[in-house]
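# Coordinates in review
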Amino acid sequence: MFSYKITHRSSECDARLGELETPHGVVTTPVFMPVGTQATVKGVSPERLEELGAEIVLSNTYHLFLRPGHKTIEGLGGLHKFMGWQRPILTDSGGFQVYSLGDLRKLTEDGVKFKSHLDGSSHLITPESAVQIQKSLGADIIMCLDECTSYPSSFEDTKSSMELTLRWAERSKKEMTKEAMEKNKQSLFGIVQGGMFDELRRESVEGTVAIGFPGYAVGGLSVGESKGLMYEMAECALSLLPEEKPRYLMGVGTPEDLVNLAENGADMFDCVMPTRNARNGTLFTSLGKVIIKNEKYKDDGAPVDDDCTCYTCRNFSRAYLRHLYMAGEILSSILNTLHNLHFYFSVIREIREAIMADRFLSFKRDFFNRIEGDS
Ligand SMILES: [Zn+2]
């Protein structure tokens, strides 16, 4: 079963609450999806992830295709069983990772040829094979193969890239067999591209919606453009997408981004930031970022965030976390990751409560007033 229904619309802005029903359970939106690149959210066990309140995780097709291989995972009972996660999973199509390979890839009408970053072996992913790989992984939500337009790009290049993504979206939908669609076991989301041009974003939305998907993602953001431009493009696409379908903003973002873009009606977010930054010793707090290696935390007996109720903040001081980080201890990554994910889920919870109570704008004002932080 896959369905989406809006349960409350903000009276003040485009923010909304919704319920996304998937074969592995219901997800409340807005939602943040931690990234589990290699079939694991780095530094945190699935048990802890559930305790933290993660409702859905994202995993990367590109990485699992290369290692250990989707057929291996399928043979072992699918990705949920393989990684010990029984709640919903969304997989990306691999398009973004391949895009990140730069010179190691070659794009044709058929698909994208690339060399593995692991052993240099050559592979081809087509829109059809991207669907097949994700189907065999058993993800609840799967994504169309798209071309993430590089930044900066000319209008002409962006347009032809966006049109290729549309043709690939059509092939992807065809590949989702009628049988799969009827059984409603997995659902395929379309991806809006169009780079940094309003007009092309609009064309992309119209073309993708015309093909018809149960949900839509906005891709090609946070690729090097300014924050202002990112917001402009996200808002443009979000405002044009059909209201009754879930809207997923790919690869976004910071806690501030979640607040700003939930306001514009974004329902789903994913980002490596809470987990990656945790391993780099950057902690997100209600007062802004804490860079734990800073000398000023050497004798600081306070928790990372006084307002935080996570395991890390309840039990450890900034001084201890700094010590673990400086000593290169594994526990540093684990405790920092717990805190950062807890913080992201708290922000999401506050966003939901503010939407529900029709006080989103005052919540947003307070949220931004608090932030200062290290730089
Ligand atoms: Zn904490």
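Residues numbered from 1 in each chain as written. Predicted model: local features only at pLDDT ≥ 70, side-chain atom pairs only at ≥ 80, totals over all residues. Heavy atoms only, no water.

### A short note on the overall build of the protein
- When helices and strands are counted, the protein shows 16 helices and 16 strands.
- Here the C-alpha atoms of the protein give a radius of gyration of 20 Å, agreeing with the 21 Å that 2.2 N^0.38 yields for 375 residues.
- Seen through its C-alpha atoms, the protein measures out along the principal axes to roughly 60 × 50 × 40 Å.
- Across the protein, contacts joining residues at least 24 apart in sequence account for 67% of those joining residues at least 6 apart.
- When the accessible surface of the protein is totalled, it reaches about 15700 Å², and 50% of it is carbon and sulfur.
- Between the centroid of the 42 positive side chains of the protein and the centroid of its 52 negative side chains there is a distance of 4 Å. (Helix = DSSP H or I, 4+ residues; strand = E, 2+ residues; numbered from the N terminus. Rg over C-alpha atoms; globule rule 2.2 N^0.38 Å. Contact = heavy atoms within 4.5 Å. Areas by Shrake-Rupley, 256 points an atom, 1.4 Å probe, with all protein chains shown as cover. Lys, Arg positive; Asp, Glu negative; His and termini not counted. Charge placed at Lys NZ, Arg CZ, Asp CG, Glu CD.)

### Some details on the packing of aromatic side chains
- Considering all chains together, one arrives at 14 aromatic pairs under this definition.
- A ring pair is formed by Phe155 and Phe197, whose centres lie 5.2 Å apart and whose planes are at 80 degrees; its orientation type is edge-to-face. Here Phe155, found in helix α7 (residues 155–175), pairs with Phe197, found in the loop between β11 (187–192) and α9 (198–211); they are 42 residues apart in sequence, far enough to count as distant.
- Where Phe213 meets Tyr216, the ring centres are 6.2 Å apart and the plane angle is 85 degrees; that geometry is what we call edge-to-face. With respect to burial, Phe213 and Tyr216 carry one shared label: buried.
- Ring-pair connections join several aromatic residues into one group, and the members of that group are Phe32, Phe284, Tyr344 and Phe345.
- Geometry around Tyr311 places Arg48 over its ring, the cationic atom sitting 5.0 Å from the centre. (Phe/Tyr/Trp six-rings, centres within 6.5 Å; stacked < 30°, edge-to-face > 60°. Buried < 20%, exposed > 50% of the residue type's maximum accessible area, 1.4 Å probe, protein only. Lys NZ or Arg CZ within 6 Å of the ring centre and 35° of its normal.)

### Looking at the pattern of salt bridges
- Inspection of the entire model under this criterion finds 17 salt bridges.
- In this structure, the salt-bridge partner of Glu163 is Lys159, at a minimum N-O distance of 3.2 Å. Here the residue Glu163 and the residue Lys159 both occupy positions in helix α7, the gap between them amounting to four residues, near one helical turn.
- Owing to a relative accessible area of 29%, Glu163 belongs among the partly exposed residues under this scheme.
- For Lys159, a relative accessible area of 26% corresponds to the partly exposed category.
- Across the salt bridge formed by Glu295 and Arg322, the nearest N and O atoms sit 3.5 Å from each other. You can see Glu295 sitting in the loop between β16 (288–291) and α13 (311–315) and its partner Arg322 sitting in helix α14 (residues 318–326), a full 27 residues away along the chain.
- Overall, Arg322 belongs to the buried group, its relative accessible area being 11%.
- Through salt bridges with shared partners, a single network forms among Asp110, Glu128 and Arg171. (Salt bridge = Lys/Arg side-chain N within 4 Å of Asp/Glu carboxyl O.)

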